Protein chains: 2
Amino acid sequence: MTGQRRAILKALEGDTTHPTADMVYHKVKKEIPHISLGTVYRNLKMLSESGHILEIEIADGPNRYDYRTEQHYHFHCDHCGFVYDVNLAYQQALNDELTQAGFLVSRHDIQFHGQCPKCQGQLSH
Amino acid sequence: MTGQRRAILKALEGDTTHPTADMVYHKVKKEIPHISLGTVYRNLKMLSESGHILEIEIADGPNRYDYRTEQHYHFHCDHCGFVYDVNLAYQQALNDELTQAGFLVSRHDIQFHGQCPKCQGQLSH
DNA sequence: ATATTTGCAAACGCTTTGCAAAATT
DNA sequence: AATTTTGCAAAGCGTTTGCAAATAT
């Protein structure tokens, strides 16, 4: 466990904005100025594979990272680009339907799109 | 409407394998050998924006294209990589829950992962 | 002393784009 | 004749990787 990895994990802790790798890089750079972007990518990958953080795939955009690792869904605002956590129970019933059709379902993910409360009423773009 | 665009659309018609842009390119190339990959990308983009085809975002992989444009979900086999259509009703109720939370939901998408019927029982990788 | 990780830069895969030539309207 | 689209090649973006030096075990 190097200082870099610790700093990356700490940067994510308590951050609910779902930052991209580049955002994490700039945040950590303030503390460790000589850190490289490659190191950030490497550690985010490792940490998500070991289950310490969550990697969120965004349609048409860089991945985002989340300290909150329990399965949950996301809402992506098409106006401001912000990614919100969605308070919605895990839809196990959907998996069950696929199981009946012969699929072995390991997981599913749901992304919502639209406008967030803050952006409603504003001209889009 | 050029021959290229017509050929691209025809290549997709009746194809249920959700091909990538590159797969479409190779398929159309047999008919129009001098077609370029850029043209295929440009037309797939146009056709999906005009609603003639569907662009499917795949986590960690190239986009795939579908002649079937009604909203439907997909199952991605982690073993063979094949993308299946999922026979599942549109989950409007999920949108309604987000609406109650103040979001203006324009759409949602669900991706399932696991092993398809064909790959079950085989050693993974 | 050994194994792991870093910084750097180059390469990667997928997609988009600038431009002059060609095809379409 | 005016507009759109093409082929080509270069560039774009996000991400991964090879390698020698530095750090951690």
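Here is what the cut-offs are and how they apply
Residues numbered from 1 in each chain as written. Chains lettered and ligands numbered in written order. Predicted model: local features only at pLDDT ≥ 70, side-chain atom pairs only at ≥ 80, totals over all residues. Heavy atoms only, no water. Least-squares fit on C-alpha atoms with pLDDT ≥ 70 in both. Near = heavy atom within 4 Å. Polar contact = N/O pair within 3.5 Å; in protein donor to acceptor, adjacent residues only side chain to side chain. Helix = DSSP H or I, 4+ residues; strand = E, 2+ residues; numbered from the N terminus. Nonpolar A, V, L, I, M, F, W, Y, C, P; charged D, E, K, R; others polar. Pairing = 2+ DSSP bridges. Axes fitted to C-alpha atoms, helices over the stretch in contact; angles between N-to-C directions. Domains from an automatic or database assignment. Contact = heavy atoms within 4.5 Å. Buried area = accessible area lost by both parts, 1.4 Å probe. Salt bridge = Lys/Arg side-chain N within 4 Å of Asp/Glu carboxyl O.

(A) Quick look at the relation of the copies chain B and chain A. Each copy of the sequence occupies a distinct position, and chain B is placed on chain A by a rotation of 180 degrees and an axial shift of 0.0 Å, giving an RMSD of 0.0 Å. A rotation of that kind, with that shift, is consistent with a two-fold axis. Within chain B, the C-alpha atom positioned nearest to the axis of rotation is that of Ile110(B), 2.2 Å from it.

(B) The arrangement of the protein's contact with DNA strand D in detail. If you check the shell around DNA strand D, you find 17 residues, and the closest are Tyr41(A), Thr2(B), Gln4(B), His34(B) and Thr39(B). Among atoms of DNA strand D positioned within 4 Å of the protein, sugar and phosphate together represent 79%. Taking Asn63(A), its main chain carries an N or O atom lying 2.9 Å from a phosphate oxygen of DNA strand D. In this structure, Thr2(B) approaches DNA strand D through a side-chain N or O atom, which is 2.8 Å from a phosphate oxygen. With 4 residues, helix H3 (residues 37-49) of chain B is the largest single contributor of residues to the surface near DNA strand D. Per-class residue counts for the surface near DNA strand D are 5 nonpolar, 8 polar and 4 charged.

(C) Fine view of the sheet that holds strand E5 (residues 104-115) of chain B. Pairing in this open sheet of 6 strands is mixed, and the strands run E4(A)-E3(A)-E5(A)-E5(B)-E3(B)-E4(B) from one edge to the other. Edge positions in the sheet fall to strand E4 (83-86) of chain A together with strand E4 (83-86) of chain B, since each of these pairs with one other strand and no more. Pairs of neighbouring strands in the sheet enclose a mean axial angle of 25 degrees, with direction left out of account. As judged from the 4 bridges shared by strand E3 (residues 73-77) of chain B and E4(B), these two strands associate in the antiparallel manner. Looking across to E4(B), one finds that His76(B) is bridged to Val83(B).

(D) View of the protein's contact with DNA strand C. Lining the immediate surroundings of DNA strand C are 17 residues, of which Thr2(A), Gln4(A), His34(A), Thr39(A) and Tyr41(B) lie closest. The sugar-phosphate share of atoms of DNA strand C within 4 Å of the protein amounts to 79%. Note that a phosphate oxygen of DNA strand C is positioned 3.2 Å from one of the side-chain N or O atoms of Asn43(A). Elements with a contribution of two residues or more to the surface near DNA strand C: helix H1 (3-12) and helix H3 (37-49) of chain A together with H3 of chain B.

(E) Geometry of the domain arrangement of chain A. All names here are of chain A. On domain assignment, one finds that chain A holds domain 1 (1-69) and domain 2 (70-125). Centre-to-centre, using C-alpha coordinates, domain 1 lies 22 Å away from domain 2. At the interface, 10 residues of domain 1 touch 10 residues of domain 2. Three residues stand out in domain 1 for area buried against domain 2, namely His18, Arg68 and Thr69, and they jointly supply 49% of the buried area on that side. The tally of links between domain 1 and domain 2 comes to 2 salt bridges. Across the salt bridge formed by Arg68 and Glu70, the nearest N and O atoms sit 3.1 Å from each other. Between domain 1 and domain 2 we count 7 residue pairs in polar contact (both at pLDDT 80 or more) in total.

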